[in-house]
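Spelled out from the first residue to the last, the chains are:
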Amino acid sequence: MYVYDTIDKSLLNQRVAEFRDQVRRRLDGELTEDQFKPLRLMNGLYLQLHAYMLRVAIPYGALSSDQMRKLAYIAETYDRGYGHFTTRQNIQYNWIELSTAPDLLFDLSEIDLHAIQTSGNCIRNVTADPYAGAAADEVDDARVWSEIIRQWSTFHPEFSYLPRKFKFAVTGADADRAAIKFHDIGLKIIRSDTGELGFEVYVGGGQGRTPIVAPLINSFLPAKDLLRYLDAVLRIYNLHGRRDNIYKARIKILVKSLGVDSFTSQVDAEFERLDPALFVVEADEINRIRDMFSVPYLQADEDVKARLEERIEESPQMRRWSDSNTHAHKTPGYAIVTISLKPIGGIPGDATAEQMYAIADLADRFSLGEVRVTYTQNLVLPHVHQADLFVLWSELKRLDLATPNIGLATDIIACPGLDYCSLANARSIPISQRISERFSDLESQHDIGPLDIRISGCINACGHHHAGHIGILGVDKRGEERYQLTLGGQGNGESAVGKIVGPGFDEDGIVDAVETVISTYLSVRSTGELFSQTLERTGHAPFKERLYDSN
Amino acid sequence: MTVINIRGENVDQTWRDVEVAEKTRSLDSVILSFASLKEHIETLDQKSLSRIGVRLTVNDEIGEIADHARHIGLIDLVFPNFKDGRPFSTAVTVRRDYGFSGDLRASGDILPDQALFLARCGFSTIVVPVQFPVKQFKTSLGAYTIAYQAAVDSNVSQVRDLRRSAVEVVAE
């Protein structure tokens, strides 16, 4: 884990002091709400329907067990005993008082946590592959480069008042578990033919009103040029991104209107004008960061698998969980375990303070004190010895954290929706809860196979509905909540934007519609064909027919 | 009107706002609009240009007077709205691309909390909006003593340098 040195710490302390002063000025009336708003937003503080919401940054989704304990402490001290893990690998607290927010941030700072740039038109928290450092398929640890970007983008004097928010995602693995092409900048770490480390750079992806899969603008950016290149992209965007219309202000619109070639050549020209010396990250510094992420040497254990199999034979329940909630680790004998925050009928991404404390303890016992947050709103224990899986599973089950549904129909992504969010048009959480209950039968979930259902309560698409195999978008139709259905999106591994199937549904209708889509798939799929493959083969037609025929 | 430098000290106001050159008899220590400066720029030698300032809105393109930019005495970049961050980037490019070493001034709708960022992007003076106490700008300029990024100013220490010297101390 990256641990702040005294320099990082002083900077964070200065931020806490600055924010305390900003809140004081607001409470004393020295700042108007309009003036205070961008300042509080850059500290992750939103004014929502019922109270202030605070979004705490979890850089690249990586937490130490002590940081998890602090998040639990915050939930019970400043909130109502729970927190909500988000699709940006952050955590949100929904019931915060403005007057105590500075104390909360001070508490967080004691353990290197903060809410810096978790909102506002600035460079947001960098997200990354939640399996970084543990996955068998990785070229390099995405956290190292994410941390370098975090430092460069923190309090950036030039890029803190951009036309609109700006999101980075980084993966160091072949499989994209960070949805990098749905970000303003997506980086994939690769090696050139000569073995040099570098990046594929994707710019101008995003969801919201205009969903776009980011085009590749640089097929090999040498790692040494990373910050210099990012600086060039951001400057072109800051100077030329639209500011007249909030819906056209993201970099994706600029890239689209200029065209990829023209945008890229402007970036290249700006890159050439920049002095490399200003952006160099020395080998010592890269090594300093890398060392902090390295874990103790893990002894490969080739035999444990067989012993585990024996144990699993005795428990079909355990087998199911092991099949869906564990993933190959780079060291034989170890596993990456996903803790499901999607209990049947629960609120996706929510965790109670008790659960967070318990997860921190399990991380210490079984995972070298590390926890990760996924953008699909689950948690990960990245380094678990397979000999410990049975005990871990039993403990998680006791905590209601062992639902064996990762990647399946009830592993639903949902934004907070109209239950909390002032931007929402419709509720998301109750819809996800009803779908989850409808498909609660584990046997049938495993039979259906990998399926991403994603729900957003408005077109801002925080629930990533564009990228769901089945996407649901809440809209307001003459004062009534309606739900549009999209099919064919992809956000895991591949990236694709789903298409609307037909007219929308009401609250009951959308749950039935999802069931109809799934039963259609089950009846038309070929043997071994996944939902996304069937859809690609058949198109919308058979689904549309079954959905709208009876009407 | 209060103008401060990036150390938060008041600066004597010698510059007069005249907008268009025709409004004044002497083109000494005046700030012109970009349109007016462009109109007269070919008739001005380097010395007179150094006594002239120009005010740029976010829609003005300084590249149009690229050859003369570095001789101008003062360049004033106007923030139309504190949320519009273009002048931050313009400041960086004016210093870098045109070798401008004169007074780079920020004016318009600015929050005190942006003062240090202004300094770090190369601005040398700030016109304090009337609704804010000058004191608040001074506080903001001193809110941080270190920064992660390299920048053109020396208001803060760079993390990179601090880490390097920490390593050297350990090595000794």
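Small disclaimer: the values here were computed from a predicted structure and weren't measured.

(A) Representation of the overall build of chain B in the model. Looking only at helices and strands, chain B has 6 helices and 9 strands in total. With respect to the three principal axes, the spread of C-alpha positions in chain B is 65 × 35 × 25 Å. Classification of the 172 residues of chain B by burial places 55% in the buried group. Taking the intrachain contacts of chain B between residues at least 6 apart in sequence as the baseline, contacts between residues at least 24 apart amount to 49%.

(B) Region of the structure containing the domain arrangement of chain A. All names here are of chain A. Once the domains are mapped, chain A shows domain 1 (6-109), domain 2 (134-290), domain 3 (304-398) and domain 4 (413-548). Between domain 1 and domain 4, the C-alpha centre-to-centre distance is 33 Å. Taken together, the contact pairs 10 residues of domain 1 with 10 residues of domain 4. For the domain 1 and domain 4 pair, buried surface summed over both sides reaches about 780 Å², with 55% attributable to carbon and sulfur atoms. Contact with domain 4 buries surface across domain 1, with Gln48, Leu49 and Thr87 losing the most and accounting together for 57% of the total. For the pair domain 1 and domain 4, the number of links is 0 salt bridges. When residues of the side of domain 1 that touches domain 4 are traced back to their parent elements, those giving at least two are strand E4 (82-85) and strand E5 (91-96). Counting residues per element, the side of domain 1 that touches domain 4 draws most heavily on E5, which supplies 3 residues.

(C) Layout of the packing of helix H10 (residues 304-313) of chain A against helix H11 (residues 316-325) of chain A. Residue and element names in this part refer to chain A. Here H10 crosses H11 at 130°, and the two axes come no closer than 7 Å. Considered as vectors, H10 and H11 are oriented oblique to each other. In this structure, H10 contributes Leu308, Glu309, Ile312 and Glu313 to the contact, and H11 contributes Pro316, Met318, Arg319 and Ser322. Considered class by class, the residues forming the contact of H10 with H11 number 4 nonpolar, 1 polar and 3 charged.

(D) Region of the structure containing the sheet that holds strand E9 (residues 197-203) of chain A. Residues and elements named next belong to chain A. The 5 strands are arranged E6-E7-E8-E9-E10 in an open sheet whose pairing can be described as mixed. Only two strands of the sheet have a single partner each, and these edge strands are strand E6 (127-128) and strand E10 (216-222). Across the sheet, helix H6 (residues 226-240) is in contact with strand E7 (168-171), strand E8 (185-191), E9 and E10; its angle to E10 comes to roughly 150°.

(E) A look at the nonpolar core. Residue and element names in this part refer to chain A. Leu71 and Phe168 are the most contacted members of the largest nonpolar core, which has 168 residues in total. Of the residues forming this core, the biggest block, 9 residues, is contributed by H6. Once you skip the residues sitting within four places of it in the chain, phenylalanine 168 turns out to touch Arg88, Ile123, Asn125, Val126, Thr127, Ile149, Trp152, His183, Ile185, Leu187, Leu230 and Leu234. Of all hydrophobic cores here, the second largest spans 30 residues; its members include Ala414, Tyr483, Leu487 and Leu535.

So, how was this worked out
Residues numbered from 1 in each chain as written. Chains lettered and ligands numbered in written order. Predicted model: local features only at pLDDT ≥ 70, side-chain atom pairs only at ≥ 80, totals over all residues. Heavy atoms only, no water. Helix = DSSP H or I, 4+ residues; strand = E, 2+ residues; numbered from the N terminus. Buried < 20%, exposed > 50% of the residue type's maximum accessible area, 1.4 Å probe, protein only. Contact = heavy atoms within 4.5 Å. Domains from an automatic or database assignment. Buried area = accessible area lost by both parts, 1.4 Å probe. Salt bridge = Lys/Arg side-chain N within 4 Å of Asp/Glu carboxyl O. Axes fitted to C-alpha atoms, helices over the stretch in contact; angles between N-to-C directions. Parallel < 35°, antiparallel > 145°, perpendicular 65-115°, else oblique. Nonpolar A, V, L, I, M, F, W, Y, C, P; charged D, E, K, R; others polar. Pairing = 2+ DSSP bridges. Core = buried A, V, L, I, M, F, W, Y, C linked by side-chain atoms within 4.5 Å.

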